[in-house]
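Structure assessment
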Amino acid sequence: MHEYSVVQALINQCEEVAAKNNASIINKVITKIGVMSGIDAHLLKIAFDTFKEDTLCAKAELVQNIQKLKLECKDCGNIFEVDEVRYYCVKCESLSIKVLDGEDMYLMSLEMQ
């Protein structure tokens, strides 16, 4: 389960941001998780709750915003979002598609004090 290593990296990133901002407590961790990121949101939450103890995130709430797959058709220029893996244009049915968003996980913001 790679969610554990993802959470370790996330907590490290949170603590680096907190240190740069002279914060001693992180109250909320807000993430964006693309549907194609390979991250299981439920497992990520479990891993976060397991590893946050004894860190600045010990009392933090994890907010997970799920990003749909955002695609652009290279033929007709249509930009659209889908919930599942579907690599064809919903407008012209072209298979010439470019992925714009939904493949990564990002730390979007922190609430700290």
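The structure contained in this document is the topic of the report that follows. In this text, all values refer to a predicted model and were calculated from it rather than measured experimentally.

Looking now at the packing of aromatic side chains. Evaluation of the coordinates by the stated rule reveals 1 aromatic pair. Both rings, one in Tyr4 and one in Phe51, keep their centres 5.2 Å apart while their planes meet at 85°; by these two values the pair is edge-to-face. Residue Tyr4 is found in helix H1 (residues 3-20), and its partner Phe51 is found in helix H2 (residues 41-51); the two are separated by 47 residues along the sequence.

Strand order across the open sheet formed by 3 strands is S2-S1-S6, with mixed pairing between neighbours. The open sheet has two edge strands with one neighbour each: strand S2 (61-67) and strand S6 (105-112). Strand after strand, the sheet turns through a mean of 20° between neighbouring axes, direction not considered. Bridging between strand S1 (residues 26-34) and S6 involves 7 bridges; their strand directions are antiparallel. Its bridge partner lying in S6, Lys28 is registered against Glu111. Helix-sheet contacts for H2 involve S1, S2 and S6, and the interaxial angle to S2 is about 160°.

Rules behind the numbers
- Residues numbered from 1 in each chain as written.
- Predicted model: local features only at pLDDT ≥ 70, side-chain atom pairs only at ≥ 80, totals over all residues.
- Heavy atoms only, no water.
- Phe/Tyr/Trp six-rings, centres within 6.5 Å; stacked < 30°, edge-to-face > 60°.
- Helix = DSSP H or I, 4+ residues; strand = E, 2+ residues; numbered from the N terminus.
- Pairing = 2+ DSSP bridges.
- Axes fitted to C-alpha atoms, helices over the stretch in contact; angles between N-to-C directions.
- Contact = heavy atoms within 4.5 Å.

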